[in-house]
Amino acid sequence: MDICHYWRPFDSTHYFDVLASAGFPSSSIYQILTQITGCWIGKALTVAYIAYYLLMGTSVLVNAYDVINRWMLQYTPRWVILALFLFSSIYLVRGNLRTIARVLVLISFLIFPMMLLISLV
């Protein structure tokens with residue numbers, strides 16, 4: 001069983017995004033929700049959609065913090081690790097595809113030597 005199987009319940013909003021973007025190519029997901037369901041229901045669904053992704057992002061952030069804190073940085077304060085994750089996430093979200101590709105190249109050059117050093121210890 002692959003890792004994607006565990007994320008299937010959380011992936012249902014992605015299917016809605018793909019289906020809705022086919023019928024409304026120039027609209028955002030928030031505009032699509034308002035056009036399909038009306039003003040009040042559309043705004044309520046938009047708030048639910050935003051809350052869902054905020055909760056999922058928070059969950060991923062806290063789980064990543066737990067892994068980093070248990071394995072590598074036991075004595076680093078919680079706010080420092082979370083701030084690093086948060087600032088790097090904001091940088092990637094606000095950037096374009098070229099920014100994401102540059103960060104990926106930088107991280108790939110850093111991760112492979114670190115993995116080698118950890119395996120030697």
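Residues numbered from 1 in each chain as written. Predicted model: local features only at pLDDT ≥ 70, side-chain atom pairs only at ≥ 80, totals over all residues. Heavy atoms only, no water.

Turning to the overall build of the protein chain, a few remarks are in order. Looking only at helices and strands, one finds 5 helices and 0 strands in the protein chain. Shown N-terminal to C-terminal, the secondary structure of the protein chain runs as helices and strands in the order α-α-α-α-α. Classification of the 121 residues of the protein chain by burial places 12% in the buried group. Sequence separation of at least 24 residues holds for 26% of the intrachain contacts in the protein chain that already meet a minimum separation of 6. (Helix = DSSP H or I, 4+ residues; strand = E, 2+ residues; numbered from the N terminus. Buried < 20%, exposed > 50% of the residue type's maximum accessible area, 1.4 Å probe, protein only. Contact = heavy atoms within 4.5 Å.)

Time to look at the packing of aromatic side chains. Here the structure, examined in full by the defined rule, presents 3 aromatic pairs. Taking the centre distance of 5.2 Å and the plane angle of 70 degrees together, the rings of Tyr49 and Tyr53 count as edge-to-face. Taken together, the residues Tyr49 and Tyr53, both in helix 3 (residues 39–71) and 4 residues apart, mark about one turn of the helix. Take Tyr49: its relative accessible area is 12%, and that puts it in the buried class. Measuring from centroid to centroid gives 5.1 Å for Tyr52 and Tyr53, while their planes differ by 75 degrees, and the two rings are edge-to-face. Looking at Tyr53, the relative accessible area reads 38%, which means it is partly exposed. (Phe/Tyr/Trp six-rings, centres within 6.5 Å; stacked < 30°, edge-to-face > 60°.)

Looking at the protein chain, the pLDDT average stands at 80 and 83% of residues meet or exceed 70. By mean pLDDT, helix 1 (residues 12–23) is the weakest element of the protein chain at 64, and helix 3 is the strongest at 88. This model gives residues 1–8 a pLDDT under 50, and the stretch forms 3 contacts once residues within four places in sequence are excluded. (pLDDT = per-residue confidence, 0-100.)

The grouping of Val67, Trp71, Met72 and Leu73 at the surface amounts to a nonpolar patch, some 450 Å² of accessible area in total. Along the chain, Val67 turns up in helix 3. By relative accessible area, Val67 is classed as partly exposed at 42%. (Patch = residues over 30% accessible without salt bridge, like charges linked within 9 Å, V, L, I, M, F, W, Y side chains within 5 Å. Areas by Shrake-Rupley, 256 points an atom, 1.4 Å probe, with all protein chains shown as cover. Salt bridge = Lys/Arg side-chain N within 4 Å of Asp/Glu carboxyl O.)

Turning to the environment of Ile29, a few remarks are in order. In this fold, Ile29 is placed in helix 2 (residues 29–37). Separated by 20 residues in the primary sequence, Ile29 and Tyr49 place their C-alpha atoms 9.4 Å from one another.

What follows covers helix 2. All buried positions along helix 2 are accounted for by Ile29, Ile32 and Leu33. Seen from one end, helix 2 has its buried residues packed into an arc of 100 degrees, which puts them on one side. Backbone geometry just downstream of helix 2 places Gly38 in the positive-phi region, at approximately 100 degrees. (Arc of directions from axis to C-beta.)

Another point: the packing of helix 3 against helix 4 (residues 78–94). It is the contact of helix 3 with helix 4, at a shortest axis distance of 10 Å, that shows an interaxial angle of 125 degrees. Relative to helix 4, the element helix 3 is oriented oblique. Judged by the twist between their axes, the crossing of helix 3 over helix 4 is right-handed. Facing helix 3, whose interface residues are Leu61, Val62, Ala64, Tyr65 and Ile68, helix 4 presents Arg78, Ile81, Leu82, Phe85 and Leu86. Taken together, the residues that form the contact of helix 3 with helix 4 break down as 9 nonpolar, no polar and 1 charged. (Axes fitted to C-alpha atoms, helices over the stretch in contact; angles between N-to-C directions. Parallel < 35°, antiparallel > 145°, perpendicular 65-115°, else oblique. Left-handed = near helix turned anticlockwise from the far one by under 90°. Nonpolar A, V, L, I, M, F, W, Y, C, P; charged D, E, K, R; others polar.)

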